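# Topology and contacts: notes
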Amino acid sequence: MTLKDVKEILEADVLVGNDQLDKPVKTAFAADLMSDVLAFAKPEAMLLTGLTNPQVVRTADILDITAIIMVRGKKPTEETVKLAEELKIPILSTKYILFETSGRLHARGIKGCIEKVGGET
Amino acid sequence: MGVTLNFEKSFEVEGGSFQNAGNVSGQIKGILKDLGVSTDIVRRIAIICYESEINIVSYAKRGTITLSVTDEAVKIEAKDEGPGIPDIELAMQEGYSTASPAVREMGFGAGMGLANMKKYSDHLIITSELGVGTNVRMTVMNFQKILHPDLPQITL
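Scoring rules and cut-offs
Residues numbered from 1 in each chain as written. Chains lettered and ligands numbered in written order. Predicted model: local features only at pLDDT ≥ 70, side-chain atom pairs only at ≥ 80, totals over all residues. Heavy atoms only, no water. Buried < 20%, exposed > 50% of the residue type's maximum accessible area, 1.4 Å probe, protein only. Helix = DSSP H or I, 4+ residues; strand = E, 2+ residues; numbered from the N terminus. Pairing = 2+ DSSP bridges. Right-handed = clockwise from strand over helix to strand, strands pointing away. Contact = heavy atoms within 4.5 Å. Axes fitted to C-alpha atoms, helices over the stretch in contact; angles between N-to-C directions. pLDDT = per-residue confidence, 0-100. Polar contact = N/O pair within 3.5 Å; in protein donor to acceptor, adjacent residues only side chain to side chain. Arc of directions from axis to C-beta. Buried area = accessible area lost by both parts, 1.4 Å probe. Salt bridge = Lys/Arg side-chain N within 4 Å of Asp/Glu carboxyl O. Nonpolar A, V, L, I, M, F, W, Y, C, P; charged D, E, K, R; others polar.

## Some points on the pairing of strand 3 (residues 46-49) of chain A
Residue and element names in this part refer to chain A. By the alternation rule, side chains of strand 3 split into Met46 and Leu48 and Leu47 and Thr49, which are all buried. Across three bridges, strand 2 (residues 27-30) lies against strand 3 in parallel orientation. When the bridges of strand 3 are listed, Ala28 appears paired with Met46. Following the backbone out of strand 2, through helix 2 (residues 34-40) and into the adjacent parallel strand 3, one traces a crossover that is right-handed.

As structure tokens, this is what we get:
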């Protein structure tokens, strides 16, 4: 699957990174807590979140996240968009809530970064 | 047997400046990539550095983050002028937090920071003095060391 497929499945708007829609995606991590993302997300995963501040982009950059999917119709702040453009991290915005977004992607073959905690490194 | 210092640099971090939080970590990540450090180590250092930076921004007046790279290890020292940690053991527990609502709004302050710093480093030492500040020293051993565990261990 590519980011373009994700855009279609989630009926999402591409806010940053229209030129990167051919990027392949296989995994995702969903959280509104960036420390959880730092603890468990793996490189090249998508980050599904309802947060919109620049720290979401910083966290994505630190972890080499492929794209940020903002859920429940959230729009990023102006400085978040600016930072994402600078760091070349795509942002998509969907009106689906986090649970529905995760479910729709999972049903189409996107896996979580981890299935449950304990034992992972 | 000596340890060769390949790179060392200190970065200032301003307390309360949420706008710039993550800037230093991004710079350090870039430096490590340029130095040819392996991807896994770059990632681990980037995470512990980012958590350290968020901690300084969230709790302290100011701080410094120092990066040292040797053949043996990559080290991060995060030193701040802040309130200090009254009970380090308690602070290390996942879920324990004294963060403000502003920090929580950003997606931090859930008591995972120090736990993450411990998780991603091979060695972590915290010293803290109330009313003076906190010093966190973290070491990630270089990849070569992991590939050759029989090499003599050097305390850095």
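Continuing now.
## Considerations on the sheet that holds strand 5 (residues 91-93) of chain A
Residue and element names in this part refer to chain A. Spatially, 1-5-4-3-2-6 is the arrangement adopted by the six strands of the open sheet, whose pairing is mixed. Each edge of the open sheet carries a strand with a single partner, namely strand 1 (13-16) and strand 6 (111-112). In this structure, strand 3 lies alongside strand 4 (residues 67-70), joined through four bridges in parallel fashion. Among the inter-strand pairings, Met46 is bridged to a residue of strand 4, identified as Ala67. Contacts between helix 4 (residues 78-87) and the sheet are confined to strand 1, strand 4 and strand 5, with strand 1 contributing the most and set at about 75° to the helix. On top of the sheet, helix 5 (residues 98-107) reaches strand 2, strand 3 and strand 4; it is set at about 150° to strand 3, its chief contact.

## Describing the side chain of Asn116 of chain B
Residue position: Asn116 of chain B is located in helix 5 (residues 113-120). Residue class for Asn116 of chain B comes out buried when judged on its relative accessible area of 2%. Here Asn116 of chain B is in contact with Ser35, Leu38 and Ala39 of chain A together with Ile48 and Glu51 of chain B, once residues within four sequence places are set aside.

## Here we look at the confidence of the model for chain B
Residues and elements named next belong to chain B. For chain B, the average pLDDT comes to 88, and 90% of its residues sit at 70 or higher. Per-residue pLDDT stays below 50 along residues 145-156; that stretch engages in 16 contacts with residues further than four places along the chain or on separate chains. In the predicted complex, the global pTM is 0.88; the interface-specific ipTM is 0.86.

## Some words on the environment of Lys23 of chain A
Residue and element names in this part refer to chain A. Secondary-structure assignment places Lys23 in the loop between strand 1 and strand 2. Judged by relative accessible area, which is 24%, Lys23 ranks as partly exposed. With 21 residues separating them in the primary sequence, Lys23 and Thr2 have C-alpha atoms 5.4 Å apart. Setting aside residues up to four positions removed in sequence, Lys23 forms contacts with Met1, Thr2, Leu3, Thr66, Lys88 and Pro90. Among the polar contacts listed, one links the side chain of Lys23 to the backbone oxygen of Thr66, at a separation of 3.4 Å.

## Quick look at helix 4 of chain A
All names here are of chain A. When we look at burial in helix 4, the residues that qualify are Thr80, Leu83 and Ala84. Projected down its long axis, helix 4 carries its buried residues within an arc of 100°, all on one side. For helix 4, the exposed residues set more than 90 degrees away from the buried face come down to Glu78, Lys82 and Glu86. On its buried face, helix 4 sits against strand 1, helix 3 (54-62), strand 4 and strand 5. Backbone geometry just after helix 4 places Lys88 at a positive phi near 55°.

## Digging into the interface of chain B and chain A
Accessible area lost when the parts come together is the quantity often used to give the size of an interface. Chain B puts 25 residues into the contact, and the matching count from chain A is 23 residues. Taken together, the two surfaces of chain B and chain A that pack against each other cover about 1900 Å², and 50% of this comes from carbon and sulfur. Considering only the side of chain B, the residues that lose the most area to chain A are Lys29, Arg43 and Tyr50 of chain B, jointly responsible for 28% of the buried surface there. Between the two partners, chain B and chain A, sit one salt bridge. For Lys29 of chain B, the salt bridge is made with Asp64 of chain A, and the minimal N-O distance between the two is 2.7 Å. At the level of secondary structure, the elements contributing two or more residues to the side of chain B that touches chain A comprise helix 1 (23-34), helix 2 (39-59) and helix 5 of chain B. Per-element accounting of the side of chain B that touches chain A gives the leading share, six residues, to helix 2 of chain B. In the side of chain B that touches chain A, the residues fall into eleven nonpolar, eight polar and six charged.

## Here's the deal with the side chain of Lys29 of chain B
Along the chain, Lys29 of chain B turns up in helix 1. Among the polar contacts listed, one links the side chain of Lys29 of chain B to the side chain of Asp64 of chain A, at a separation of 2.7 Å. Contacts of Lys29 of chain B, omitting those with residues within four sequence positions, involve Asp61, Ile62, Leu63 and Asp64 of chain A together with Val42 and Ala46 of chain B.

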